[in-house]
Amino acid sequence: MCGIMGYIGAGKAVPVIVDGLSKLEYRGYDSAGICIFQDGKLKITKKKGRLTEMVQALGDFPLANLGIGHTRWATHGVPSDRNAHPHADCKGRIAVVHNGIIENYASLRKTLTAEGHKFQSDTDTEVISHLVEKFYEDSLEEAVRKTLKVLEGSYAMAVVCADQPDIIIAAKKDSPLIVGLGEGENYLASDIPAILGRTNRVYILEDQEFVVLTRDHVAITDFAGNPVSKEVFEVTWDPVAAEKGGFEHFMLKEIHEQPAALRDTMRGTIKEGLVDLSDFGIDDICDGVQKIYIVACGTAYHAGLVGRTIIENMALIPVETDIASEFRYRDVLWHPRSLMIVISQSGETADTLAVLREAKRNGVKVLAVTNVVGSSVAREADRVIYTHAGPEIAVASTKAYSTQLLVMYLLGLHLARIRRTRPEARLAQLAASLNCIDQGVEEVLSQQDKIRQLAEKYQGVQDTFFLGRGLDYSVAMEGALKLKEISYVHAEAYAAGELKHGPLALIDEGVPVLALITQDCLVDKTMSNIKEVKARGAVVVAICKENLQEACQECDEQILLPDIEQFLAPIISVVPLQIFSYYMAIFRGADVDKPRNLAKSVTVE
Ligand code: M6R
């Protein structure tokens, strides 16, 4: 998963590309590179490390009107200068940037090497530049078309050639790519934020689309060369919405954007006091469904776990929630009247996409819950419900998670209404509470300082435990993921009742235990487990609803949540965990928005 940026026009290519790449660093940031056309030659600069390293190596920005750039997240070959993109052919007259994986690169490389091509890197990508070189006669377009015929795998790529400095060729299969349309200049990018502020007119490329980009023209065909007519997508996002907006980090900004994101996602979902998603066109695929599979990865999977409880409880449909990378390789006993729900913030997660396709192959309709309009998941699913969280830049998912949870509730309530599985009065009460849940989140956000102080106190710990029962357990899993991913503190989530079956042995003097206590019906049970860890020396921080404060008195610290309906608590109880993780990362000096070894969008399996 990498970021691609390209420019062709009368303006200066380098600053445009560097700026675009800086907006794409969430896609990968172990190395960066740029290729420009200057003085009749292609000039490549690439460096291991963050984009700033490459920019330093560039020195004064050279003048050029054409260029392609890349931020990399390594898949084949370690992060290094020589493995960074762009990759050139033997003579340095062709250069390629690529996002994806060339699955047959090993055999292609063997053949090309036998034919005399000299490879400079360990990447799969480099076979592309050598193949284009091999096929090049006098047309870059033809050479790339021939190259695509022998490639297997996934790719978004941009190719330039010193002999044709007036075009960029691009192609897409299974990795995202867009074209930005300017006046006398055009852009290529992996994602819209890279070109926001320069143009709001884009083409979102589909798989098997091939682009010839000049400064005045964009020609799109399929791989066979047949013209493809596409509609221009007008981006309505405010460019500043993709910036940090006064916060020190994107993650903190995105945590604070949750009330607005929840309101946006809620919009248009309530009619006559009840949740009604009929306008989303999902009723036909939900009709008569007897089994639901919810499949996702990471944080989105955790939202799916909450989704299972909600849908089973509300709509009385059995739900199986699974991790996409597991689901895709197990022998699923497909229920003949089932529905697949895939959840993905980016809409580009490789494993989730593979499950979506597998479901469709098995005749199962797919409903996608995603945050990215025009993403692969959105395009390939039968129906889509968007989370309106806006661009999420920080690798750690926050506002995407809370809006995914909200969609799970909306779905549960909608299904319950059309299936008449719950009394209308109950559905109306839950709809009303959901409709003002943003206020509960605001209340928790106002406790940021208190949570920051807790993080300051516990910043030096090595291990932490997150406990809960029922819905609290699902949120505990998300809290533990958040803490480990950005602060690098070991964090384990456990169902509170499971502790004594093994993990209790790890509890020792001073180990922090964060206990989620929002389920009124389970509070006594959870408190018994808390007594067990306290007896072994643990320090317990309770994240509890105000009305349960007294029951939680034995905990060492308390973060109080508004007294919300227990069923809806996850949307609120996750917020202190997000803030705690954020400040733990800050106090430990970690790179909050770009945690080590991770990337925002996981487009390889
Ligand atoms: O884009 P997706 O929602 O499909 O991404 C799934 C996971 O990669 C993602 O949620 C990941 O776990 C987050 N970095 C966690 O904060």
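Parameters at a glance
- Residues numbered from 1 in each chain as written.
- Predicted model: local features only at pLDDT ≥ 70, side-chain atom pairs only at ≥ 80, totals over all residues.
- Heavy atoms only, no water.
- Near = heavy atom within 4 Å.
- Polar contact = N/O pair within 3.5 Å; in protein donor to acceptor, adjacent residues only side chain to side chain.
- Areas by Shrake-Rupley, 256 points an atom, 1.4 Å probe, with all protein chains shown as cover.
- 1 Å grid on protein atoms, 1.4 Å probe; cavity = no way out; pocket = protein on both sides within 12 Å on 5 of 7 lines; lining within 4 Å.
- Sits in = over half its atoms within 2 Å of the grid points.
- Helix = DSSP H or I, 4+ residues; strand = E, 2+ residues; numbered from the N terminus.
- Domains from an automatic or database assignment.
- Points joined across faces, edges and corners; volume = space filled by probe spheres on them.
- Nonpolar A, V, L, I, M, F, W, Y, C, P; charged D, E, K, R; others polar.
- Buried area = accessible area lost by both parts, 1.4 Å probe.
- Salt bridge = Lys/Arg side-chain N within 4 Å of Asp/Glu carboxyl O.
- Buried < 20%, exposed > 50% of the residue type's maximum accessible area, 1.4 Å probe, protein only.
- Contact = heavy atoms within 4.5 Å.
- Pairing = 2+ DSSP bridges.
- Phe/Tyr/Trp six-rings, centres within 6.5 Å; stacked < 30°, edge-to-face > 60°.
- Lys NZ or Arg CZ within 6 Å of the ring centre and 35° of its normal.
- Axes fitted to C-alpha atoms, helices over the stretch in contact; angles between N-to-C directions.

## Brief notes about the site of the ligand
Taken together, the neighbourhood of the ligand is formed by 15 residues, with Ser344, Gln345, Ser346, Thr349 and Glu485 sitting nearest. Contact distances for the ligand include 3.1 Å between an oxygen atom and a backbone N or O atom of Thr299. Considered on its own, the ligand offers 410 Å² of accessible surface; in the complex 91% of this is hidden by protein. Mapping the ligand onto the cavity grids shows that it belongs to the largest pocket. Elements supplying a minimum of two residues to the shell around the ligand: helix H9 (298-315) and helix H17 (471-487). Residue contributions to the shell around the ligand reach at least three from each of two domains, namely domain 2 (247-435) and domain 3 (441-605).

## Digging into empty space enclosed by the protein
Scanning all chains against the criterion turns up two cavities of 30 Å³ or more. Volume-wise, the largest cavity comes out at about 360 Å³. Residue lining of the largest cavity: 29 residues in total, with Tyr26, Asp191, Ile192, Ser346 and Val372 positioned closest to the centre. Grouping the amino acids of the lining of the largest cavity by side-chain chemistry returns 13 nonpolar, nine polar and seven charged. For the lining of the largest cavity, the domains that each give at least three residues are domain 1 (3-243) and domain 2 (247-435).

## Describing the domain arrangement of the chain
Here the chain is partitioned into domain 1 (3-243), domain 2 (247-435) and domain 3 (441-605). A separation of 43 Å is found between the C-alpha centroids of domain 1 and domain 3. Roughly 910 Å² of surface becomes buried between domain 1 and domain 3 when both sides are summed, with 55% attributable to carbon and sulfur atoms. Its largest share of buried area at the contact with domain 3, domain 1 owes to Tyr26, Tyr29 and Trp73, together 49% of the area lost on that side. At the boundary of domain 1 and domain 3, one finds two salt bridges. Glu25 is the partner of Lys594 in a salt bridge, and the nearest nitrogen-oxygen pair spans 3.0 Å. On inspection of domain 1 and its partner domain 3, the count reaches three residue pairs in polar contact (both at pLDDT 80 or more). Taken together, the residues that form the side of domain 1 that touches domain 3 break down as four nonpolar, two polar and three charged.

## Some remarks on the side chain of His117
Along the chain, His117 turns up in the loop between helix H3 (105-114) and helix H4 (126-135). Overall, the relative accessible area of 11% leaves His117 in the buried class. A distance of 3.3 Å separates the side chain of His117 from the side chain of His130, its partner in a polar contact. Discounting residues that sit within four places of it in the chain, His117 has contacts with Cys90, Leu112, His130, Glu133 and Lys134.

## Here we look at the sheet that holds strand S12 (residues 209-213)
Strands in a sheet are paired, the pairing made by backbone hydrogen bonds, and the direction either parallel or antiparallel. Reading across the sheet, the six strands line up as S5-S6-S7-S8-S12-S13 and stay open at both edges, with antiparallel pairing between neighbours. Pairing within the sheet leaves two strands with one partner each, and these edge strands are strand S5 (87-88) and strand S13 (218-222). The sheet contact formed by S5 and strand S6 (residues 94-102) spans two bridges and is antiparallel. Bridging from a neighbouring strand, Ala88 pairs with Ala95 of S6.

## Focus on the packing of aromatic side chains
For any pair of aromatic rings, the description rests on two quantities: the centre-to-centre distance and the angle between the ring planes. Tallied over the entire structure, the rule returns eight aromatic pairs. Measuring from centroid to centroid gives 5.9 Å for Tyr409 and Phe567, while their planes differ by 80°, and the two rings are edge-to-face. Taken as a pair, Tyr409 in helix H13 (residues 399-419) and Phe567 in the loop between strand S26 (557-561) and helix H19 (570-587) lie far apart in primary sequence, 158 residues in all. Owing to a relative accessible area of 8%, Phe567 belongs among the buried residues under this scheme. The ring of Phe210 has Arg145 lying over it, and the distance from NZ or CZ to the ring centre is 3.8 Å. Across the ring face of Tyr488, the terminal group of Arg596 is positioned such that the distance to the ring centre comes to 3.8 Å.

## Brief notes about the sheet that holds strand S14 (residues 233-234)
With respect to topology, eight strands assemble into an open sheet ordered S3-S2-S4-S1-S10-S9-S11-S14, the strand pairing being antiparallel. If you trace the sheet from one side to the other, it starts and ends with strand S3 (41-48) and S14, each paired once. Taken together, the four bridges between strand S9 (residues 178-181) and strand S10 (residues 185-189) define a ladder with antiparallel strand orientation. Paired with Val179 across the bridge in S10 is Leu188. Most of the contacts of helix H1 (residues 13-24) go to strand S1 (residues 3-9), to which it runs at about 155°, and overall it touches S1, strand S2 (31-38), strand S4 (66-72) and S10.

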